[in-house]
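One letter stands for each residue in the lines below.
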Amino acid sequence: MIRMQNISKIYRTEHIETHALSGFSLHVEPGEFLSVMGPSGSGKTTFLNVAGLLDSFESGTYHLGGEDVSTLSDRQMSRIRNEKIGFIFQSFNLIPDLNVFDNVDVPLRYRGVGAATRRDAIEEALEIVGLTSRLKHYPSQLSGGQQQRVAVARALVGTPGLILADEPTGNLDSAMANEIMDLLEKINEMGTTVIVVSHDPELAARAGRQIYLLDGRLIDMESLETPAPLFKPDAVPTQPPTQV
Amino acid sequence: MHFGPILRALMHNKTRFWLITLEVGLTLAIVVNCINVTLDFRAQYTHESGMDEANLMVVTTEPFGAEFKEEEFVENLEREDLASLRSFPGVRDALATTSVPISGGGSATSRKALGSELDSESTPYYIVSDHVVDTFGLELLAGRRFEPGDFEFDEDENGDILHRNVLVTETLANAYYPEGDALGKMVQNDEGQLTNTIVGIVSDMDNSWPTWDNGKHRVLFFPGQPGSDRRMRYIVRVDEGAIDSVFSGLEQRVLGINPERIVRVETLGEYREDYYSAQLAMIKMLSAVSFLLLLITSLGIVGLTAFSVTQRTRQIGTRRALGATKGDIVRYFLVENWIITGIGLILGAAMTYGLNFVLVSIADSPKLEWPLLVGGMLLLWVTGVVAAYVPAQRATLVSPEIATRSV
């Protein structure tokens, strides 16, 4: 599903260069459930942005679903984001002036799907997340957990092969967080590749595979004796990082 | 097209929506009515007077010599002036008159068909020398021009001329005799002791008050001797395009005949500008108001769209993440603007007719014709699109990765 080879991403300001991803390589099989962990600033979100074609990268190659997406135009990237990827964000990112139905409808409208097909798909997606009774509600009328479930419905309504979730439980209490993780597991069981970025080791552990990032590189956890310090802001690995 | 969701989203944020909609509607109502009044004033100002106006000049003399007290002296001088003016190089013809068309100053009397039981017709008139038809550049539609015999008449003990022949414009002739058979017939004043025979009917021309609707194109020409010890006035018609060359020489020409008078030479165009000065000022003011309102509304739309883009940066990023192209983003803001402007214009159309109804009732404004309203709606719609385009274009600069940024 994802094949990244030697990806580098550098953020430049007037005085400083930050290597957000450095020689980053990763291979994710179709149908995998992967969690990405690491301290703040380790490059998790940058990885997600690059993987989701939300941001460009300086060097390396990236194949998504067998297609080389390293040199696509902005328009082509929009099409791939729309058709192949579903996004779930930490802050839900629902559109406040649209009701639940219209929020879930957004990616389908950009795909140009007919009204009847859209309605069926939206109802089906909301059925999966258990919100069919809230079609006409606005985000402000929903709890955090419900809003994130709408966001999950929006991510899966277009039946993408890949769902990218950026701290999907970061703004939720533990009960709601578990509900969302249950949903992601359910979606994964339906055959969709799911990649979750999370700070929470307990939730991350529910993924089939976990990877760890530090300073823009993947860390081989097997080579570390105590992985716990990785999750402190000033954590420094006891051994030089190696690529997986 | 995302028309439905955009409309529903707008309706969810009613205050902002109705404020700008109302602004668009009010702008349409005021601008279209301003343009309506302006066009009416403009039509009045530029309408054809029926005379060879571009080639007409007015020479006004105000005597101060003692000999002007003698009627015979004035009569002779007027004849001499006319002969001299008519022979001036570039001059086609000239006449003496009591007052000047399109000047706002003149005289009117009452006349009706001889023996008619009906009310008299308002009859603006000029006492003129001969050469009326050719000096004003009119067409003789029926009958004849003045002849020397028309200038010979008797006065009664009160100085009234009991009967004389007259020329009238077509409109006035038809007002007296609606059957169109006025030529050769007589008209009378209310009491019936003053009568006139219509010996010629000329094409319509403006009288001294062209904006006076009931008196429009009504002119009666009395043959006579218009000059007096207070004022002697001449209308001079020059050859096509000769107005500048003749203008500078006329004053000296008249003073050369008799220097004991103040001479003023003006074009009839200058009289027209004076007469319509209030309308001209109003045209300028209403044009400025319309322009300013359009500018303010455009800026309002620019501001609204720019604010909307800034306020919805994360939303734009999210839409981009979900598959919107840059074109989709521009279209989103333009469609939003079209909806706001469109509803504003529909609302504004009703307000425009409402305002027009009030203006027609209380200010005698012209009735609004629908093509002008449609034109105004198109103008505002295009203004709205242009105003929204630049900030909408700016929205495409929002990167999709903003969707994953922490607030």
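Rules behind the numbers
Residues numbered from 1 in each chain as written. Chains lettered and ligands numbered in written order. Predicted model: local features only at pLDDT ≥ 70, side-chain atom pairs only at ≥ 80, totals over all residues. Helix = DSSP H or I, 4+ residues; strand = E, 2+ residues; numbered from the N terminus. Buried ≥ 20, exposed ≤ 12 C-beta atoms within 10 Å, placed from the backbone. Contact = placed C-beta atoms within 7 Å. Rg over C-alpha atoms; globule rule 2.2 N^0.38 Å. Axes fitted to C-alpha atoms, helices over the stretch in contact; angles between N-to-C directions. Parallel < 35°, antiparallel > 145°, perpendicular 65-115°, else oblique. Left-handed = near helix turned anticlockwise from the far one by under 90°. Nonpolar A, V, L, I, M, F, W, Y, C, P; charged D, E, K, R; others polar. Pairing = 2+ DSSP bridges. Right-handed = clockwise from strand over helix to strand, strands pointing away. Core = buried A, V, L, I, M, F, W, Y, C linked by C-beta atoms within 7 Å. pLDDT = per-residue confidence, 0-100. Domains from an automatic or database assignment. Expected span 1.5 Å × (residues − 1).

## Here's the deal with the overall build of chain A
For chain A, the helix and strand inventory stands at 7 helices and 10 strands. Across the 244 residues in chain A, those meeting the buried criterion constitute 49%. Within chain A, contacts between residues separated by at least 24 positions form 70% of all contacts whose residues are at least 6 apart in sequence.

## Overview of the overall build of chain B
Of the regular secondary structure elements, chain B holds 11 helices and 11 strands. Relative to its length of 407 residues, chain B is extended, with a C-alpha radius of gyration of 32 Å against a globular reference of 22 Å. In terms of overall dimensions, chain B has a C-alpha envelope of 105 × 50 × 30 Å along the principal axes. By the burial criterion, 41% of the 407 residues in chain B qualify as buried. Taking the contacts inside chain B whose residues are at least 6 apart along the sequence as the reference set, 83% of them involve residues at least 24 apart.

## Notes on the packing of helix α2 (residues 14-46) of chain B against helix α10 (residues 326-363) of chain B
Helix-helix packing is described using two parameters, namely the angle between the two axes and the distance between the axes. All names here are of chain B. Interaxial distance between α2 and α10 falls to 7 Å at its minimum, and their mutual angle equals 40°. Classified by the angle between their axes, α2 and α10 sit oblique to one another. Remark: the crossing between α2 and α10 carries right-handed chirality. Residues Phe-17, Ile-20, Thr-21, Val-24, Gly-25, Leu-26, Leu-28, Ala-29, Val-32, Asn-33 and Asn-36 of α2 form the contact with α10, whose participating residues are Ile-340, Thr-341, Ile-343, Gly-344, Leu-345, Leu-347, Gly-348, Met-351, Thr-352, Leu-355, Asn-356 and Leu-359. Looking at the contact of α2 with α10 residue by residue, the class counts come to 14 nonpolar, 9 polar and no charged.

## Structural notes on the pairing of strand β8 (residues 193-197) of chain A
All names here are of chain A. Summarising burial for β8: 5 of the 5 residues are buried, a large majority. Looking at chain direction, strand β3 (residues 33-37) and β8 are connected through 4 bridges and run parallel. Directly across from Ser-35, in β8, lies its bridge partner Val-196. Inspection of the sheet shows strand β7 (residues 162-166) paired to β8 by 5 bridges, in the parallel sense. Following the sheet pairing, Ala-165 is matched in β8 by Val-196. For the crossover that starts at β7, traverses helix α6 (residues 174-189) and ends in the parallel β8, the hand is right-handed.

## Describing the interface of chain A and chain B
In this assembly, 28 residues from chain A lie in contact with 23 residues from chain B. When contributions to the side of chain A that touches chain B are tallied by element, the ones reaching two or more residues are α1 (44-51), α2 (74-84) and α3 (100-111) of chain A. For the side of chain A that touches chain B, a count of residues per class yields 10 nonpolar, 7 polar and 11 charged.

## Section: the nonpolar core
Judged by nonpolar contacts, the single largest core of 113 residues is most densely connected at Phe-87, Val-104, Ala-125, Val-152, Ala-153, Ile-163 and Leu-164 of chain A. Dropping the residues within four chain positions of it, Ala-125 of chain A is found in contact with Val-104, Ala-153, Leu-156 and Val-157 of chain A. With 55 residues, the next largest nonpolar core counts Val-58, Ala-96, Val-168 and Leu-172 of chain B among its residues.

## Here we look at the sheet that holds β3 of chain A
Two orientations exist for strands paired in a sheet by backbone hydrogen bonds: parallel and antiparallel. All names here are of chain A. Read from one edge to the other, the open sheet built from 6 strands follows the order β6-β7-β8-β3-β9-β10, with strand pairing classed as mixed. Across the chains shown, the open sheet's two edge strands, defined by having one partner strand only, are β6 (85-88) and β10 (217-219). The sheet shows a mean angle of 25° between the axes of neighbouring strands, taken without regard to direction. Judged from the 4 bridges that link them, β6 and β7 form a sheet pairing that is parallel. By the bridge assignment, Phe-87 is partnered in β7 with Leu-164.

## A word on the confidence of the model for chain A
Of the residues in chain A, 90% have a pLDDT of 70 or more, and the chain-wide mean is 86. Throughout residues 225-244 of chain A the model reports pLDDT below 50, and contacts reaching past four residues in sequence, or to other chains, amount to 31 contacts.

## Brief notes about the domain arrangement of chain B
With domains assigned, chain B is organised as domain 1 (3-46 + 282-404) and domain 2 (53-277). The distance between the C-alpha centroids of domain 1 of chain B and domain 2 of chain B comes to 54 Å.

## Side note on α10 of chain B
In this model α10 of chain B runs 51 Å from its N-terminal to its C-terminal C-alpha over 38 residues, within 8% of the 56 Å that 1.5 Å per residue would give. In the segment just after α10 of chain B, Asp-364 of chain B is the residue with positive phi, at about 55°.

## A short note on the packing of α2 of chain B against helix α8 (residues 277-311) of chain B
Residue and element names in this part refer to chain B. In contact at an axis separation of 9 Å, α2 and α8 are set at 160° when each is read in the N-to-C sense. As far as their axial angle goes, α8 and α2 are roughly antiparallel. Where α2 crosses over α8, the handedness of that crossing is left-handed. A class-by-class count of the residues in the contact of α2 with α8 yields 17 nonpolar, 8 polar and 2 charged.

## Focus: helix α4 (residues 115-129) of chain A
Between its terminal C-alpha atoms α4 of chain A stretches 21 Å, which fits the 21 Å expected from 15 residues at 1.5 Å a residue. Gly-130 of chain A sits one or two positions beyond α4 of chain A and adopts a positive phi of about 75°.

## Observations regarding the sheet that holds strand β5 (residues 67-68) of chain A
All names here are of chain A. Reading across from one edge, β2-β1-β4-β5 is the order of the 4 strands in this open sheet, with antiparallel pairing throughout. Bordering the open sheet on either side are β2 (17-28) and β5, each of which pairs with just one other strand. The strands touched by α1 are β1 (2-12), β2 and β4 (59-64); relative to β2, the strand with the most contacts, the crossing angle is about 60°.

## Some points on the pairing of strand β8 (residues 195-202) of chain B
All names here are of chain B. The element β8 is extensively covered by neighbouring structure, given that 6 of its 8 residues are classed as buried. Pairing of strand β5 (residues 140-143) with β8 involves 3 bridges; the strand directions are antiparallel. Following the sheet pairing, Leu-140 is matched in β8 by Val-202. Here strand β6 (residues 163-169) runs beside β8; their pairing, made up of 7 bridges, is parallel.

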